[in-house]
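Each chain, letter by letter, is given below.
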Amino acid sequence: MCSYLQVLRPLYCTLITFILALLSVFVVWPGSDGIGAAVTDETIRVAIHKSATEVVVAGDGLLVIGDAGKAVALSLPATVKPVKGGLLVGGRVFRTLSFSAASVVYVNSKPYRGIAELSVVNMGIQVVNQLPLEEYLVGLINCEISSAWPIEAVKAQAIIARTYAINRKISRATAPYHLESSVMDQVYEGCLIEDSRARRAVLETAGEVLTFGGAVIQAFYHSSCGGRTEPSENVWGMPTPYLKGVDCQYCLTSPSATNWECTLTLKELEEKLRAAGYKVSGLYGIKGGAAYVSGRLKQVVLQATHGGCAVSGEQFRKAIGYGVIKSTRFSTKISKDEVSFSGRGNGHGVGLCQWGAKQRALDGFDSGEILSYYYPGTTLKKFSEIR
Ligand SMILES: [Zn+2]
């Protein structure tokens, strides 16, 4: 009997892995109110940690799979640390560990639907959350905007987030994950702040993506453009037919979201510029150089006793911090040893303007009209019909 079980054990493990894979594809997670199998067969892989020094995993009824697809018994919560050769947990070392549950998996106290996959990359723990795409979108809405916004704006957000995610999935098909969970791609905090309005927007647009020439577009978007969106070539050097600059007076109705100010000392600025590789010393001023039609700065002039130069607006923003210099549309004022920045817009300015979309929805436009305004020439299609 014993040897019989030993023979069968790998088969059981294979069976469990198979059932788990089926669950990840077809299951309607609790609370999903019927996002059906027809649209949940698309999964997405999101990096929720890239180099953690410790990960604590918890949850009810967790199924844990270790190396070679074998089920592992672990006492929970499980504290996992990176060591040479893999993941150390409960005195054992694994190359990879996958955690899943019928409800949610807690990773460092945040709840995630689907599967959490742990591995060691560069001596840190990488955690990839794999889950049905539509469930990812429900979790994402309130990280990017507020689901309390007019529903047509929330639906527009659901469509562009889906479009963006699928485009990334196609282009990173062989990578360990498709998306980051930060502003590098789309902000995502698991299912911590999902709600019924976010779910409604995802359901009412189920499977819909924006296309151009039959292909899923790169649906870039940003918080607020400040008056005009920016053609992609002015930000990333590559022209894209559907990422042209369009007028947007709509976000200007939300001045607190659009206008920004900040003050930094010349010393702070010089330190940040030097850390970014600019060999400036004796910085005594920052001023705007040439500008695009939108008012965003093509160039920023660094005035210094040594190493003064002009840098691109994008490079300047990157060097000082995207969260500090919220857009490249700004003017400066120097007083003593400080530079005051006064700007308009939040983000790179390419594609849809979220605060503008909100106002357009309030003005009575539906999600399709909002999207065709910010992405001219695109067509809305079901992804299942074009793949
Ligand atoms: Zn705008």
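Quick caveat, the model's predicted, so the values are computed rather than measured. (Residues numbered from 1 in each chain as written. Predicted model: local features only at pLDDT ≥ 70, side-chain atom pairs only at ≥ 80, totals over all residues.)

S.K.: Teacher, can you tell me more about unusual backbone geometry here?
M.R.: Peptide bonds are mostly trans, and most non-glycine residues show a negative phi. With an omega dihedral of -5°, the bond running from Leu76 to Pro77 counts as a cis peptide bond. Position of Pro77 among the secondary structure elements: in the loop between β3 (63–65) and β4 (78–83). At Met123, a position not held by glycine, the phi torsion is positive, near 65°. Positionally, Met123 belongs in the loop between β10 (115–121) and β11 (124–132). Of note, the phi angle at Lys336 is positive, near 50°, even though the residue is not glycine. Here Lys336 lies in the loop between β20 (330–335) and β21 (338–344). Exposure remark for Lys336: the 6 C-beta atoms within 10 Å place this residue in the exposed category. (Helix = DSSP H or I, 4+ residues; strand = E, 2+ residues; numbered from the N terminus. Buried ≥ 20, exposed ≤ 12 C-beta atoms within 10 Å, placed from the backbone.)

S.K.: Could you clarify how one ought to interpret the pairing of strand β19 (residues 309–312) in this entry?
M.R.: Taken residue by residue, a regular strand's side chains alternate between the two faces of the sheet. Where strand β18 (residues 299–306) meets β19, four bridges bridge the pair, whose relative direction is antiparallel. Across the sheet, residue Leu302 finds its bridge partner in β19, namely Cys309. The hairpin turn running from β18 into β19, its antiparallel successor, is two residues long, and Gly307 in that turn takes a positive phi close to 80°. (Pairing = 2+ DSSP bridges.)

S.K.: Explain the sheet that holds strand β23 (residues 379–382) to me, please; I cannot follow it from the model alone.
M.R.: Strand pairing within a sheet occurs via backbone hydrogen bonds; the two strands may be parallel or antiparallel. Pairing is antiparallel across the open sheet formed by three strands, whose spatial order is β14-β13-β23. Strands at the two margins of the open sheet, each flanked by one partner only, are β14 (215–216) and β23. Against the sheet, helix α4 (residues 151–171) touches β13 (208–212) and β14, its axis set at about 65° to β13. (Contact = placed C-beta atoms within 7 Å. Axes fitted to C-alpha atoms, helices over the stretch in contact; angles between N-to-C directions.)

S.K.: What is the right way to look at the environment of Thr265 in this model?
M.R.: With respect to the helices and strands, Thr265 occurs in strand β16 (residues 259–265). Sequence-wise, Thr265 and Lys336 are 71 residues apart; in three dimensions their C-alpha atoms are separated by 9.0 Å. Every residue in contact with Thr265, bar those within four places of it in the chain, is listed here: Asp337 and Glu338.

S.K.: Where do I start with the packing of α4 against helix α10 (residues 354–362) in this structure?
M.R.: Any two packed helices are characterised by how steeply their axes cross, that is the angle between the axes, and by the distance between the axes. The contact between α4 and α10 brings their axes to 7 Å, and the two run at 140°. Here α4 is positioned oblique relative to α10, judged by the angle of their axes. For the pair α4 and α10, the sense of crossing is right-handed. The segment α4 lies against α10, with Glu152, Ala153, Ala156 and Gln157 engaging Gln354, Ala357, Lys358 and Ala361. (Parallel < 35°, antiparallel > 145°, perpendicular 65-115°, else oblique. Left-handed = near helix turned anticlockwise from the far one by under 90°.)

Any link to function would need more than the numbers given here.
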